[in-house]
Amino acid sequence: MRKLELYFGPQHLGMVGNFSITLNVEGDRIIKAKANPGYLHRGFEKLMEYRTWIQNFPLVCRINVVEPDHMEMIYAMAVEKLAGIEVPERAQYIRTIYLELARIASHLFGLWAYANMLGLDTVAQWAMYHRDLILDLFEELTGARVYHIYIWPGGVRRDFPPGFKEKIIKTLHSIGSCVPDYNDIFFHNKLFYQRAADIGKLNREQVTAMGGVGQVMRATGMKYDIRKIEPYGAYDKVEWNVPVRENGDAYSRIMVVRDEMIESVHMIFKLLDKMPGGKTYTRTPNPFKWNIPAGETYVRCESSRGELGLYMVSDGKDKPYRVHFRTPSYSHGLTILEKVLQNESIADVGNIMISLYVVAPEIDR
Amino acid sequence: MALKLLLTLIIALVTGLFFLGLSRKMIARIQWRYGPPLIQPLIDIIKLLSQKSMTHGGLFNFGLVLSLAGSVILLLFIPLGEWCIMNKSGGLLVIIYLMLLAPFGTALSSGAAANPNASIGISRKLLMALAYEVPLLLILLTLMTYYNTISISGIIVKQQNAGWSLTILPLLLSGIAYILILPAVLGIRPFAIVKAPQEIASGPSVEYSGKFLAFAEIQHAFQTYITIALFVNLFLGGASNPGYFFLKMLVVFVAGILIHTVFPRFRIEQAIKYLWRWPALLALAGLAVVVILDKI
Amino acid sequence: MNHSMKNQLLSLFTEIQIDIKKDNEMIINAAKNAIIGILSFCKSKGYEHLALVSCVDWIEQKKFELVYILSPYPEQEPEFSKKEKTNIILKTRIDREQPEIVSVINIFKNAEPYEREIHELFGINFNGHPRLTPLFLERTYKIPPFRKNFDTREYVKKVFDEIPFIDKKEASK
Amino acid sequence: MDRNQISKWIKSPVKMGHKYSLHAVYFCTGCGIIEIPPSITARWDAERFGVIPVATSRQANLFLITGYVSLKTLKAIIRTYEQMAEPKFTVGFGSCPINGGMYWDSYNTIKHLDKYIPVDGWIAGCMPRPEAIFVAVTHLWTLIDREMADGYKRYRKNYKFYRSNQEKLYGKLEWPPLFQKDGAK
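As the structure is a prediction and not an experimental result, all values here were calculated from the model.

Conventions adopted
Residues numbered from 1 in each chain as written. Chains lettered and ligands numbered in written order. Predicted model: local features only at pLDDT ≥ 70, side-chain atom pairs only at ≥ 80, totals over all residues. Heavy atoms only, no water. Contact = heavy atoms within 4.5 Å. Buried area = accessible area lost by both parts, 1.4 Å probe. Salt bridge = Lys/Arg side-chain N within 4 Å of Asp/Glu carboxyl O. Polar contact = N/O pair within 3.5 Å; in protein donor to acceptor, adjacent residues only side chain to side chain. Helix = DSSP H or I, 4+ residues; strand = E, 2+ residues; numbered from the N terminus. 1 Å grid on protein atoms, 1.4 Å probe; cavity = no way out; pocket = protein on both sides within 12 Å on 5 of 7 lines; lining within 4 Å. Points joined across faces, edges and corners; volume = space filled by probe spheres on them. Axes fitted to C-alpha atoms, helices over the stretch in contact; angles between N-to-C directions. Parallel < 35°, antiparallel > 145°, perpendicular 65-115°, else oblique. Left-handed = near helix turned anticlockwise from the far one by under 90°. Nonpolar A, V, L, I, M, F, W, Y, C, P; charged D, E, K, R; others polar.

Enquirer: Describe the interface of chain C and chain D, with residues and values.
Expert: If you look at the interface, chain C gives 24 residues, while chain D gives 23 residues. Together, the buried faces of chain C and chain D total about 2100 Å²; carbon and sulfur atoms form 62% of this surface. When the buried area of chain C at its contact with chain D is split by residue, Glu138, Phe160 and Ile166 of chain C rank highest and sum to 32% of it. Our count for the contact surface shared by chain C and chain D stands at two salt bridges. Its salt-bridge partner being Arg153 of chain C, residue Asp105 of chain D comes within 3.0 Å of it at the nearest N-O pair. Taken together, chain C and chain D are joined by eight residue pairs in polar contact (both at pLDDT 80 or more). Elements represented by at least two residues in the side of chain C that touches chain D include exactly helix 4 (152–159) and helix 5 (168–171) of chain C.

Enquirer: Can you explain the layout of surface pockets? Please cite residues and give values.
Expert: Taken as a whole, the largest pocket encloses approximately 1200 Å³ of empty space. As for the largest pocket, its lining consists of 41 residues, of which Tyr7, Gly9 and Pro10 of chain A together with Arg79 and Gln83 of chain D are closest to the centre. Of all elements in the fold, only strand 1 (3–8) and strand 2 (20–26) of chain A, helix 6 (116–147) and helix 9 (197–200) of chain B together with helix 4 (71–83) of chain D reach the threshold of two or more residues within the lining of the largest pocket. Of all the elements, helix 4 of chain D adds the most residues to the lining of the largest pocket, at six residues.

Enquirer: Describe in detail the packing of helix 8 (residues 172–186) of chain B against helix 12 (residues 268–295) of chain B, supporting the description with residues and values.
Expert: Residue and element names in this part refer to chain B. At a closest axis distance of 8 Å, the pairing of helix 8 and helix 12 adopts a crossing angle of 155 degrees. In terms of orientation, helix 8 and helix 12 fall into the roughly antiparallel class. Between helix 8 and helix 12 lies a crossing of left-handed hand. On helix 12, the residues touching Leu173, Ser174, Ile176, Ala177, Leu180, Ile181 and Ala184 of helix 8 are Tyr274, Leu275, Pro279, Leu282, Ala283, Ala285, Gly286 and Val289. For the contact of helix 8 with helix 12, the per-class residue count stands at 13 nonpolar, two polar and no charged.

Enquirer: With reference to specific residues and values, describe the interface of chain A and chain C.
Expert: Listed per partner, the contact involves 47 residues of chain A and 56 residues of chain C. With both chains or domains summed, chain A and chain C bury close to 4400 Å², and 56% of this area falls on carbon and sulfur atoms. Connecting chain A to chain C are four salt bridges. In this structure, the salt-bridge partner of Arg131 of chain C is Glu338 of chain A, at a minimum N-O distance of 3.1 Å. At the boundary of chain A with chain C, the tally comes to 19 residue pairs in polar contact (both at pLDDT 80 or more). Secondary-structure elements contributing two or more residues to the side of chain A that touches chain C are helix 1 (44–48), helix 9 (204–209), helix 11 (226–229), strand 6 (295–303), strand 7 (306–314), strand 8 (322–326), helix 13 (328–340) and helix 15 (360–364) of chain A. Partitioned by chemical class, the residues of the side of chain A that touches chain C number 20 nonpolar, nine polar and 18 charged.

Spelled out as structure tokens, the structure:
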């Protein structure tokens, strides 16, 4: 069979961000895949060392464009831990509702990318339409569609506007009412099952060895969810369970994402009912002369793709000394993707990559 | 004669482009959006013809012209309403041969383009052609033995008095088989594997730009027209006047588009496995039924 | 869980200091050559998830500090869902002039891209690493960009602002 | 939106054709990529203006660069731009390609995109909204009407300067120059 070198190039329709995979192909089967990231590298952590703690907030949510909100949350948690700021109860609830809305929007974006790669444009368009409804909610709450800069050290920037709670419930009901349509046309579609079953199969030992997190791990049957292990925000105040599947292939990863979306919607309803009143913001000192005491911390939160960690070191001055983001797509996109693409067919490269939900800006930061 | 020839070409081009515009509009409406105007394919062709395009040598141009010529010649053998220009000379047999000219032409031109995506697209296109040729030949064989004539207008005349061949009992099996392979011949999803933009950057037409892309678009329009016209003539009884004929084609095309929007793509080996399993068996059973009926 | 680990580690390894912060996070400072031993010991004890390999450039003390962060995978429904931290931060200091350390790739396979990145951005040499090829950067820099003495604003002025604009008057000459 | 004025079609079909059938190849560099999918899908639907994403640069005539451009991406952008068919238009999204934007002091991103390839239209905003993208498309129509969208002519006319800028940045480029002589036809 003729050997070919094929570029699943940096510029590709339906790929999330610039990320190129060099495939050595024999006929229709991939022999070796080499991922080369770096198209979106801007030295993020270096730039953060030149800006003060507050200046970093608008910067930090621009690391990963698909889901800026968990980046804000992780940075706020780290700053609060180092500076010892206490966040009021109502702010924790608002943050959790805000993060769950962001998770649903990010999963819908993942559904757009995945349905696009399989060729089913109808579901892609619908998912993107429903994501736009959620972006309208964000726009009303924070004034911006995608980069909200809403979570602040010490709480959130502003409280829920009047009538916002009913708007959330109305939007989520309108999205929830379409779930049966999604099921018929996509999730229970026999062709989707044939295209996605036993593709990119990973058992638990491989995933633990290669540092897989999030739905890649949950698709192999382990309940690994940072919201349960190290609860932050108001996640431990509400009853919810972690959706899990068994056989670790692309099909079960997408079904885990689907169950997680539904779980998030129910969680938001419960959180909205239990939300207490009170302040949503504790005063932080004057941002120009705010020196955080020296120390280091590693905080984790569960972004829509897996465990998002931030290791931050401060040496007592007004700028962070060293910042290192542990993003879930890093291990998924580099170690796991190269391993799992071996002897798969070319038609499934995009299929597997988006089922691992690899997002390029997260890898190169 | 020449006027009739020109007229069929123009009608075929207009209906083909109208079908492309209609398909984009219908897909858009199913996906909850407005979609482009119906004449968008015409606007695309005007733009593409006015662009400066890059060619990869003589074979590249020759291949494309060959595939366009293949489709145009096929047009002459398919009766539109009651016109059929090349009526006397062996309708179905010639069609079977000329069917392969278009994929062969694109293979030649994309092979010269030396782009790995194009070569993978070409291997998929020829595999697909191979996959749906098997049941198609069996179906045409069944029709020929049942009507024991090889000219399509002969079949149409027989259908005029005996009713559509889809409704005739012995031909029912091959009718269903033809319906099952129609999406594959049309190249719409779930068999839209050749032009998969997300997997192999739109397959064979990866190196086409400007007027070459316009030719490819026109060839695609002719291809759609030919496939549906063949099906309507063979199984839905053709039509006395072109208006009635166009209406039947519209119904078949709309059904195809509805399938197109709700299915993801097959992989190439899944498509071949499917095409050689169900439609091929049905076509074989249809042939057996007709042969046995002949014997009695 | 971390307290029981502490005295086992203290008994096994010599030059090691461990302190456990109030939210139960264990920070271990160890010598360069004890890293492999500690990592494999922790892995056997259930800390199978290497979250992060990071590097901090302490330019005043002329030291690079390599940080390995480990955390356990919960077996079944995570029972310790209190607000306690469960990870270990293992730190070691290496000299800044010839930065050299052994790669931990044969214990944790997923450390491979982290070490490649640190090699490229800090210039630390990981011996035993199979593939130290460039990962992110397009060109080579005299001082690796993430070191403290590489001033990015200076670099931008020197490289990007020198390239002239293409204005119509001067171009049409 | 003078798409259905037949007189304009007869007078200048080429210009009208280019206005109402912009096949866009979008380079999902930077953070602008998050606003392209909403604008081509159900809610905003760029296809009613004739803007469709296509897979390869050969088939495209509109080039959307949707965010900051890092050094590695610029090489791919230059090659993609040079592969496109001749009347081609480029639109830069957001403030990062205009003047470096949020990453003005980053060592790995270029600051001014139009030093390396000609750009016909800019959309301001730190990641512009779909409405801003449509304003840019309609603005591009007027530019095409008035023959002012001449990025590709500028690229052809002073190719030497563009090429020297690219070589100043990268040293030796591994692909040959597109036009041998300046202003070559």
